[in-house]
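Overview (structure and organization)
Here's the letter readout for the chains.
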Amino acid sequence: MTDQRHHFRQPLQRSPFHPRIEAANVLNAWAPWAGYTTALNFGDVAMEHSAIRSTASVYDVSPMIKYAIEGPDAVAYLDRLTLRRVAGMPVGGVQYTAWCNDAGHVLDDGTLFRFDETRFRLCCQERHLPWLLDSAIGFDVTIRDVTEEVAGLSLQGPTSFAVLKAAGAAELADLKPFRMAEVRLGPVGPVTVSRTGFTADLGYELWVAPERALDLWDHLMISGRLHGIRPVGTEALNIARIEAGFITANADFVCAEHALRPDRARQPDEIGLDWMVDLDKGPFNGRAAIRAARRDRTLKWALVGLDIEGNISAEGSIVYLGGRKEVGQITAAVWSPTTKRNIALAQLLRPWHRDAGDKLRVEIYALRELQYHKLMLPARVVKRPFFNPPRRRATPPAMF
Amino acid sequence: MPTPSFDTIIIGAGLNGLACAGRLAQGGAKVLVLEAADQPGGGALTAEFAPGYRVDRLAHLVTHLDGRMLSALKPEAHGLNWAVKSMPTTVLSAEGRHLTLTGAYGASAPGLDPREARRWADLRARLLRHAEVLRPLREITPPLPGKGGAKGNVVALGKAGLALRRLGREEMQEFLRMILINVHDVTEESLTDDRLRGLLAFDATLGAFLGPRSPNSLFLLWHRLSGDAGHIRWPSGGMGALAAAVTRAVEATGAEIRCKARVERLLTDGDRITGVRLEGGEEITVSRVISTINPRTTLLDLLGAREIDTGLVRRVSNIRMRGTTAKLHLALREAPEFLGADLRHRLVIAPSSEAVELAFNAVKYGEFSAEPVMEIMSPSAHEAGFAPEGHHVLSIVAQYVPFVRRGGWDAGARDGLKAAIMARLEAHAPGIGALVTASELLATPDIADRHGLVGGSWHQGDLAVEQMLFMRPAIGIARYATPVPGLWLAGAGSHPGGGISGAAGWNAANEILGAA
């Protein structure tokens, strides 16, 4: 083993897929994510986004933080920890969920995988081991950070099933959204496949032991050659996730444990996760605070999708009511190539998420050859997701 | 299943449980107090430790008894008599140069040389003035910083503010200068007599995980003085008689007290309190439960961590409970001779502030002090009934003794601790060892095991500035209410802390009556 004292010589870890990603990352567009070095793009963001929406894409999700949660009390523990009901979750099921602190402020969101009666895995953006361990007091459950023990590759796009079929996993035709299965992929061996993703498209996430990662990559690339498969970076994925209307921790909301300013933490209702909250399942972290906030109507914010006039991305803009009154800010924005609309996610002060009508204006500073053009563009609150194709849910998936 | 003829259950019939019961019953509640032991009293307990020899088993002096409780419940009308209303303190010297303080915390100290006596008079007056500022705070629900106070508390807060203003500009500055410093520095800058400095150091750190040089240790002396202004009382018949009188007074209000009824589980409907289950399985339905036992035991063991949010579990788990106090009870065939000291006084062996600090050093490293400091009280010197005619008993509070000892608490360790205490006694009362006919040692973990005092902490959580007021027992549950509707805390673990007092129970009852 290398000398741990030399950790600073390589401040960012390398994903198990790194040798392949490094070879393909022709512009050396790297960015840190959760302590790993990850690719921003592979040379052409437009083509990469196009692969997500038109053919097939692979995106390395190994840096996702993963916790193994196991034990006789795992269900009870997770029901106390998270917002949604876990007791009714089927074995082989996957749940998008979130968890809160005592004040009902969201600590993070993530996906919960159920392997059997007593074994789960929680994947998320930030590290939470102390919180998870302290939450385990009084429960017969063990919690382990398995981030480095599991490599993950997200295969997304209309031809993703065709790729998997070519790779030897035709039986995945029956796999429904938010379910997972174990398959054997030729030279790779056993792979856990979940029908999940961050794109609102047909797609899968493939989980393997790190030492099988390169075999998986190579096998998918070979199997997908005729199905337009290509690696994509975070920039292309971000466009797709905004089109999908998905939120990202510490981008669209500040994780409560990261928030320095007391007014930055958000309750689930304030970031569009109100549908998750199951107040009837028994005690869970934040229940009393969420209940009180709803009862006393102290919720301040709402997270909405905006459709903005024009084609200039509104990233970071302030949202106004009429011309003057500030009522919120854009947290993510893009001109959507798929929907051909100028879309954004925004935090708006209540009740303007509902009552603003056509009065919302977005202040955009468009930089045109070293000069800013200030624009006040009308915007409308619209339903998320902005893009939600039927192929996302079709079972069996279509062969494109 | 007994019919639910009660609307309130109080867990624990210590002074806080009794005070809370009496106040609530007077306020119209139908109260049932459940006590695990075979008699009420909690830390106020007189028991036989050898045939014919009785002592106060835990607390053996009264410095803090809540005045509101005394005037409202009138235990004096139910048999409470004070054998001593202001017990003098004698700091023992191995050379027989004892120093005796009489009156309210040494109003008179004839053994001091005249210049030191003046310096002591100045410091004493200052300490009492400062303690007076804190006194109104004892009687209120801790205010939340930034949220204003509850209606009733504005008055008490105002009183504290007024007391602070009344100190005058210079004295207020002095108060603020001294508020967080240590008792050693204060006595060093004000006094020269080691006996006096040793006493102040001892009193400030008694029952705490602090040495006289630890930051904030002066605050605990203020805390002590804010009770009965420095008077030390002892009830006729011992602490058990005090408990019995208060019990009768509480029963006269209509509250019922059931002993040998250990609560094993708090019951909820997943939302609010619905009752309690006793050891043995009996369940009692009730919508309001007030626990005066340890807050951690209450929330994590009786209720269960699952019922409360993780942040609170974390804070409750982190309440520091580090008892440092052991008790030694001695049966003596005749009166011990402390080189001329009066056995009816509170006798203190703490030769200097440095000696107290050195004694504290050991406990930091998981050992008991080789030369412990101690407080000695002899009930038999005051009254018959504690020892056979001509015989005597001593009740000794000794520290510092760790709860978790490096190497564990085996019989050898207990023998070593007893030998260390006896060696100090022998040095101050030569020949005392030969008079001992029986003894009982309660090391810190024994006190924890036998009386449910987690970590051996007499106060259900260290008394320390960072665990006081709105931080006692923990942020979020300092106003006696818990996040579980119907469950309240009212023990020594809550503001204003322990000691034979009842203040926390009384405050909680006020809060409950106000909230109802």
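Residues numbered from 1 in each chain as written. Chains lettered and ligands numbered in written order. Predicted model: local features only at pLDDT ≥ 70, side-chain atom pairs only at ≥ 80, totals over all residues. Heavy atoms only, no water.

1. Brief notes about the overall build of chain A
- Along the backbone of chain A there are nine helices and 19 strands.
- A compact globule built from 400 residues should have a C-alpha radius of gyration of about 21 Å, and chain A, at 21 Å, falls within 12% of that.
- Viewed in the frame of its principal axes, chain A has a C-alpha envelope of about 60 × 55 × 50 Å.
- The burial tally for chain A puts 55% of its 400 residues in the buried class.
- Total accessible area on chain A stands at roughly 17,600 Å², and carbon and sulfur atoms take up 53% of it.
- Seen as two clouds, the 49 positive and the 46 negative side-chain charges of chain A have centres 5 Å apart. (Helix = DSSP H or I, 4+ residues; strand = E, 2+ residues; numbered from the N terminus. Rg over C-alpha atoms; globule rule 2.2 N^0.38 Å. Buried < 20%, exposed > 50% of the residue type's maximum accessible area, 1.4 Å probe, protein only. Areas by Shrake-Rupley, 256 points an atom, 1.4 Å probe, with all protein chains shown as cover. Lys, Arg positive; Asp, Glu negative; His and termini not counted. Charge placed at Lys NZ, Arg CZ, Asp CG, Glu CD.)

2. Some details on the domain arrangement of chain A
Residues and elements named next belong to chain A.
- Considered domain by domain, chain A is made up of domain 1 (65-148) and domain 2 (268-382).
- Measuring from the centre of the C-alpha atoms in domain 1 to the corresponding centre in domain 2 gives 29 Å.
- In this complex, domain 1 contributes 19 residues to the contact, which on the side of domain 2 involves 15 residues.
- Summing both partners gives a buried area of about 1,300 Å² for domain 1 against domain 2, and 59% of it is carried by carbon and sulfur.
- Applying the counting criterion to the domain 1 and domain 2 interface returns two salt bridges.
- For Asp 278, the salt bridge is made with Arg 85, and the minimal N-O distance between the two is 3.1 Å.
- Connecting domain 1 to domain 2 are seven residue pairs in polar contact (both at pLDDT 80 or more). (Domains from an automatic or database assignment. Contact = heavy atoms within 4.5 Å. Buried area = accessible area lost by both parts, 1.4 Å probe. Salt bridge = Lys/Arg side-chain N within 4 Å of Asp/Glu carboxyl O. Polar contact = N/O pair within 3.5 Å; in protein donor to acceptor, adjacent residues only side chain to side chain.)

3. Describing the sheet that holds strand 14 (residues 301-308) of chain A
Residues and elements named next belong to chain A.
- Within the closed barrel, the six strands sit side by side as 14-17-16-15-18-19. Their pairing is antiparallel. The mean angle between the axes of side-by-side strands here comes to 40 degrees, regardless of whether they run parallel or antiparallel.
- Judged from the eight bridges that link them, strand 18 (residues 360-368) and strand 19 (residues 371-382) form a sheet pairing that is antiparallel. Bridge pairing in strand 19 links Glu 363 to Met 376. (Pairing = 2+ DSSP bridges. Axes fitted to C-alpha atoms, helices over the stretch in contact; angles between N-to-C directions.)

4. Section: the interface of chain B and chain A
- Facing 14 residues of chain B, the contacting portion of chain A comprises 18 residues.
- Close ionic contact of Arg 306 of chain B with Asp 73 of chain A constitutes a salt bridge, the shortest N to O distance being 2.7 Å.
- There are 13 residue pairs in polar contact (both at pLDDT 80 or more) connecting chain B and chain A.
- Grouping the constituent residues of the side of chain B that touches chain A by class yields four nonpolar, four polar and six charged. (Nonpolar A, V, L, I, M, F, W, Y, C, P; charged D, E, K, R; others polar.)

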